[in-house]
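Here's the letter readout for the chains.
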Amino acid sequence: VTQPMKGGDGPYNYSQNSMLQRGGVETASALIKDAIMEKLDLKPIISSSSPSKCFTIADLGCSVGPNTFIAVQNIIESIKLKHQSYGPHNQDDLEFQVFFSDLPKNDFNTLFMSLPSDRQYFAAGVPGCFRGPLFPMASLHFVHTSYALHWLSSTPKELTDEKSPAFNKGRIDYYRSSKEVFEAYTAQYTKDMESFLSARADELVVGGLMAIVTVCLPNNVSISECSVSAISGLLEASLLDMVKEGLISEEKVDSFNMPRYHATPRQLENLIEKNGCFSIERTEQLVRSKDLSSFASNSQMVMAHVRAAWEGLIKEHFGAEIVEEVFDRFLKKIAEASPFSQSSVDNKPVIESFLLLKRV
């Protein structure tokens, strides 16, 4: 099952090492604001005879904050602005219910302890995997998810079956593996996305919006050409070095596979069109306002970013006692290999895609 991000006070917790994701969320804020102004119809809520005019928002894969709070606040401010455009309605009439959702293992204590004290919404936590149903039928008006859809619900079982053509011996993902391994990962991602879209189609009201920010492989680019492949390869090499030294078993590495998949924007759009319940109102690549070169050139920052995302998976599979050793070796390999440098063969970055969907 996909690993939730952990909070806490350690130097490698997600809340302190998710600045890249925060930059993406902030960059997408203007796109979401425009989308709400242009595509969202508030008339059904405003004209409702119900004494409670409540607008419901869900952030899926919320993690522990603070990025989720930035996204939610932007959505609410944009909806209020849209509300004003209808005329002199009483702003106090419109209420907001926000559902923060992630896997049950997510650190919801850290999330709720850091809720903004001046928030203008009712908050609730919804534990569960967003690949399936989480909310009642037609109960949501706006869904937001960022940097979560590339995580799989699970890794394909055939990757650890020695009799399967997709047995992924000595590898931890599909980036440098066989065609059969790649096809197994692709099939799992397709299954997960079909389930995700089906669940959201049930939960969103007709006319409701879903904003997605996700990490994608550029169209017509091989995963082996991307820096993300090189980074994964360095972690894999660190683990294999430890196998050679007898610190971990070969079987442990053979049975470990990263539960993530980077689809292309074209793949993602095809799955949405196949579902048939959403119109794609907008899709584009995020363009960062800040230069990321300072991050890419800092080996310690790269390691901390990766560790915040992957440490839970490493610890769960191999045990807590090897975590420091793995990432110490990983840091050294990053410094030696410079995977983001212009001289690196594997220097093409993954892209951050923004999609706005409307429930039809």
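Below is a short write-up of the structure. Keep in mind that this is a model prediction, so the values were computed, not measured.

Scanning the protein from N- to C-terminus turns up 11 helices and seven strands. Residue burial in the protein is summarised as follows: out of 360 residues, 52% are buried. A separation of at least 24 residues holds for 83% of the contacts in the protein among residues at least 6 apart in sequence. For the protein, the exposed area adds up to about 16,100 Å²; of that, 52% sits on carbon and sulfur atoms.

The subject of this paragraph is the side chain of Asp 102. On the secondary structure map, Asp 102 appears in strand S2 (residues 94-102). Among the polar contacts made by the side chain of Asp 102, one reaches the main-chain amide nitrogen of Cys 62 at a distance of 3.5 Å.

Attention shifts here to unusual backbone geometry. The omega torsion across Gly 65 and Pro 66 is 0 degrees, close enough to zero to call that bond cis. With respect to the secondary-structure elements, Pro 66 resides in the loop between strand S1 (53-60) and helix H3 (67-84). Look at Ala 138: it is not a glycine, yet its phi comes out positive at around 50 degrees. Following the sequence through the fold, Ala 138 ends up in the loop between strand S3 (122-127) and strand S4 (140-146). Since its relative accessible area comes to 47%, Ala 138 is described here as partly exposed. Phi at Tyr 147 takes a positive value of approximately 55 degrees, unusual for a residue other than glycine. Note on placement: Tyr 147 falls in the loop between S4 and helix H5 (179-203).

Within the element layout of this structure, Arg 131 appears in the loop between S3 and S4. Although buried, Arg 131 forms no salt bridge, and the nearest oppositely charged side chain, Asp 192, lies 4.1 Å from it. Each residue touching Arg 131, except ones within four places of it in the same chain, is listed here: Ala 148, Leu 149, Trp 151, Leu 152, Ser 153, Asp 192, Met 193, Ser 195 and Phe 196.

Right, let's talk about the nonpolar core for a bit. With 40 residues, the main nonpolar core has Leu 197 and Met 210 as its most contacted residues. Listing elements by their share of this core, those giving two or more residues are S1, S4, H5, strand S5 (204-216), helix H8 (265-275) and strand S7 (351-359). In terms of residue count, H5 provides more of this core than any other element does, eight residues in total. When near neighbours in sequence (up to four residues on either side) are disregarded, Met 210 contacts Val 143, Phe 196, Leu 197, Arg 200, Leu 204, Phe 278, Leu 355, Leu 356 and Leu 357. By size, the runner-up hydrophobic cluster in this structure holds 35 residues, among which are Leu 31, Ile 45, Ala 71 and Ala 211.

Before going further, it helps to spend a moment on the sheet that holds S4. Read across the sheet, seven strands follow the order S3-S2-S1-S4-S5-S7-S6 without closing on themselves; strand pairing throughout is mixed. Across the chains shown, the open sheet's two edge strands, defined by having one partner strand only, are S3 and strand S6 (278-285). Across this sheet, the average inter-strand angle for adjacent strands is 15 degrees, counted without regard to direction. Alignment of S1 against S4, held across four bridges, turns out to be parallel. Its bridge partner lying in S4, Leu 60 is registered against Thr 145. Sheet strands touched by H5: S1, S4, S5, S6 and S7. Its angle to S5, the strand with the most contacts, is close to 150 degrees.

A cluster of acidic side chains, namely Glu 158, Asp 161, Glu 162 and Glu 251, defines a negative patch on the protein surface. Looking at where Glu 162 falls in the secondary structure, it is placed in the loop between S4 and H5. Take Glu 162: its relative accessible area is 66%, and that puts it in the exposed class.

A few words now on the pattern of salt bridges. Scanning the model with the defined rule gives 16 salt bridges in all. For Asp 241, the salt bridge goes to Lys 333, with nearest N and O atoms at 2.9 Å. Taken together, the residues span a long stretch of sequence, with Asp 241 in helix H6 (residues 227-244) and Lys 333 in helix H11 (residues 323-337) at a distance of 92 residues. Since its relative accessible area comes to 23%, Asp 241 is described here as partly exposed. Between Arg 307 and Glu 311 there is a salt bridge, with the nearest N and O atoms lying 2.7 Å from each other. You can see Arg 307 and its partner Glu 311 sitting in helix H10 (residues 299-318), four residues apart, about one turn around the helix.

Scanning all chains against the criterion turns up 14 aromatic pairs. On the basis of an interplanar angle of 75 degrees and a centroid distance of 4.7 Å, the ring pair of Tyr 174 and Tyr 175 is categorised as edge-to-face. Here Tyr 174 and Tyr 175 have matching classes, each one buried. Following the ring pairs from residue to residue traces out a cluster consisting of Tyr 174, Tyr 175, Phe 182, Tyr 185, Tyr 189 and Tyr 261.

Take H6 next. In this model H6 runs 26 Å from its N-terminal to its C-terminal C-alpha over 18 residues, within 8% of the 26 Å that 1.5 Å per residue would give. With 14 of 18 residues buried, H6 lies mostly within the body of the structure. The first or second residue beyond H6 is Gly 246, which carries a positive phi of 75 degrees.

Looking now at the packing of H10 against H11. In the contact formed by H10 and H11, the axes pass within 10 Å of each other and the chain directions differ by 145 degrees. Seen from above, H10 lies across H11 with right-handed handedness. Residue-level inspection shows Ser 299, Gln 300, Val 302, Met 303, Val 306, Arg 307, Glu 311, Ile 314 and Lys 315 of H10 in contact with H11, the latter providing Val 323, Glu 324, Phe 327, Phe 330, Leu 331, Ile 334 and Ala 335. Broken down by class, the residue content of the contact of H10 with H11 amounts to 10 nonpolar, two polar and four charged.

Basis of the calculations
- Residues numbered from 1 in each chain as written.
- Predicted model: local features only at pLDDT ≥ 70, side-chain atom pairs only at ≥ 80, totals over all residues.
- Heavy atoms only, no water.
- Helix = DSSP H or I, 4+ residues; strand = E, 2+ residues; numbered from the N terminus.
- Buried < 20%, exposed > 50% of the residue type's maximum accessible area, 1.4 Å probe, protein only.
- Contact = heavy atoms within 4.5 Å.
- Areas by Shrake-Rupley, 256 points an atom, 1.4 Å probe, with all protein chains shown as cover.
- Polar contact = N/O pair within 3.5 Å; in protein donor to acceptor, adjacent residues only side chain to side chain.
- Lys, Arg positive; Asp, Glu negative; His and termini not counted.
- Salt bridge = Lys/Arg side-chain N within 4 Å of Asp/Glu carboxyl O.
- Core = buried A, V, L, I, M, F, W, Y, C linked by side-chain atoms within 4.5 Å.
- Pairing = 2+ DSSP bridges.
- Axes fitted to C-alpha atoms, helices over the stretch in contact; angles between N-to-C directions.
- Patch = residues over 30% accessible without salt bridge, like charges linked within 9 Å, V, L, I, M, F, W, Y side chains within 5 Å.
- Charge placed at Lys NZ, Arg CZ, Asp CG, Glu CD.
- Phe/Tyr/Trp six-rings, centres within 6.5 Å; stacked < 30°, edge-to-face > 60°.
- Expected span 1.5 Å × (residues − 1).
- Left-handed = near helix turned anticlockwise from the far one by under 90°.
- Nonpolar A, V, L, I, M, F, W, Y, C, P; charged D, E, K, R; others polar.

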